[in-house]
Amino acid sequence: MFLNSAGSSLTPKIVLKTMVDYLHQEEQFGGYETANRNSEIIQGFYDETAKLLNCKSSNIAFATSSTDAYAKALSSIPFKEEDCIITTDDDYISNQIAFISLQKRLNIKVIRIKKNQDNELDLEDLEDLIRKHQPKLIAVTHIPTNSGLIQNVEGVGKICRQHNILYLVDACQSVGQMVVDVQKIECDFLTATGRKFMRGPRGTGFLYVSDRVLELGLVPLLLDLNGADWTEFDNYKIFKTAKRFEYWEISYSSLLGFTEAVRYANQIGLNNIEEYNKKLAATLRTHLENKGFRILDKGNNLSSIVTFCSKDGEIDSIQNILKENNIYFSVSYKGGALIDFSHKNIDKAVRLSPHYFNTVEEIEKVSQLLSN
Ligand SMILES: Cc1ncc(COP(=O)(O)O)c(C=O)c1O
């Protein structure tokens, strides 16, 4: 039973077939000739991803992971000494490490938005922080890796637009499991990976870049020939579209596999996926709670990531039962969720992440097994 789509999900058959077919062509014709022959289908990646996010193809860059996309976006922002980044307690570990790295190098202030009693972002606090610190960037992870919380990215987006502040959203865990609409979020950058709820291959991801950012002329600090024309000995001219955030060398078989995964999700419809997944995850939480487990997901709007432990904070016996029954899952540790797990006073949690290919019967079965 596969309950680890928040880790690395199962690819639809068409994804694997597309990748293998492409690799066979590379074997026969070489990489460059194969890419030339497939240039139109390669463009399909940008069109299909634009459809997913409700934007234009020119706003999309391919990335090899969420972190790759995130680092390029961050590096494009011209931070100066003592600039400020506002983020959240629940932002992904690697994002927090990147902010701290900027803090170490440039003395950047990293400030986190307070949360209210419901574990939701306190938007009044955000407004206060903006007035006080005039941040260069606001960065929010839509769904953290370590809990079922869905952060209010639209609420933050509205405030960013009012104050004209750059806004970076990590949607790594949300794309593929729910509707992610960049027009509604009003972000400048949005990053995601292929292998999780999108059901794409490993080594894939994307970066959305808003028209506003493209017009500002932002580019990754270390761009390459995919981002600019070398026009003079000491100058270059940047390209117009988000492709300037890509590097020239990528795996086209992976890109095409990912394209098929995005198409597959678009065809099912993200509305349908979101509705079904919400029910599945809510059912799982109710069952586990009724069996006496401690559910760790707090918030008004919860996702397909279900985290829990036993009442005394232990997870060993839960892990044993899941492993004995071939149920695929993940464990989140405090090191990856330092702030959240410190507040919850836990060191680790079991993470189950059902997706639309799972059934209510499976959810009932796993709850039953765990209660024995
Ligand atoms: C919320 C979130 N952001 C970013 C990442 C990093 O993704 P990648 O490993 O593709 O860089 C993860 C991975 O678990 C994640 O859960």
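Residues numbered from 1 in each chain as written. Predicted model: local features only at pLDDT ≥ 70, side-chain atom pairs only at ≥ 80, totals over all residues. Heavy atoms only, no water.

### Notes on the environment of P135
- Within the secondary structure layout, P135 lies in the loop between α6 (123-133) and β4 (137-141).
- Taking the relative accessible area as the measure of exposure, P135 reaches 8% and is therefore buried. (Helix = DSSP H or I, 4+ residues; strand = E, 2+ residues; numbered from the N terminus. Buried < 20%, exposed > 50% of the residue type's maximum accessible area, 1.4 Å probe, protein only.)

### Quick notes on the packing of aromatic side chains
- Applying the stated rule across the entire model yields eleven aromatic pairs.
- Aromatic pair F189 and F245: ring centres 6.1 Å apart, planes at 70°, arrangement edge-to-face. Note that F189 is positioned in strand β6 (residues 189-193) and F245 in the loop between β9 (235-238) and α10 (252-268), a separation of 56 residues in sequence.
- Assessed through its relative accessible area of 1%, F245 is described here as buried. (Phe/Tyr/Trp six-rings, centres within 6.5 Å; stacked < 30°, edge-to-face > 60°.)

### Structural notes on the nonpolar core
- Formed by 57 residues in total, the largest nonpolar core has its most connected members in L53, I86, I138, Y167, L190 and F206.
- No fewer than three residues from each of domain 1 (13-268) and domain 2 (270-371) sit in this core.
- Of all hydrophobic cores here, the second largest spans 27 residues; its members include L296, I318, I321 and F329. (Core = buried A, V, L, I, M, F, W, Y, C linked by side-chain atoms within 4.5 Å. Domains from an automatic or database assignment.)

### As for the pairing of strand β11 (residues 306-309)
- Neither face of β11 is left uncovered, since the one carrying V306 and F308 and the one carrying T307 and C309 both have all their residues buried.
- Here two bridges tie strand β10 (residues 294-295) to β11, and the two strands are oriented antiparallel to one another. The residue of β11 that forms the bridge with I295 is F308.
- With three bridges joining them, β11 and strand β13 (residues 348-352) adopt antiparallel strand pairing. Following the sheet pairing, T307 is matched in β13 by R351. (Pairing = 2+ DSSP bridges.)

### Some thoughts on the side chain of N59
- On the secondary structure map, N59 appears in the loop between α3 (39-53) and β1 (60-63).
- N59 has contacts with L207, Y208, V209, S210, D211, L214 and A242, leaving out every residue within four places of it along the chain. (Contact = heavy atoms within 4.5 Å.)

### A few points about a nonpolar patch on the surface
- Where nonpolar side chains cluster on the molecular surface, the patch consists of I14, Y264 and I268 and spans about 220 Å² of accessible area.
- As for its position among the elements, Y264 is in helix α10. (Patch = residues over 30% accessible without salt bridge, like charges linked within 9 Å, V, L, I, M, F, W, Y side chains within 5 Å. Areas by Shrake-Rupley, 256 points an atom, 1.4 Å probe, with all protein chains shown as cover. Salt bridge = Lys/Arg side-chain N within 4 Å of Asp/Glu carboxyl O.)

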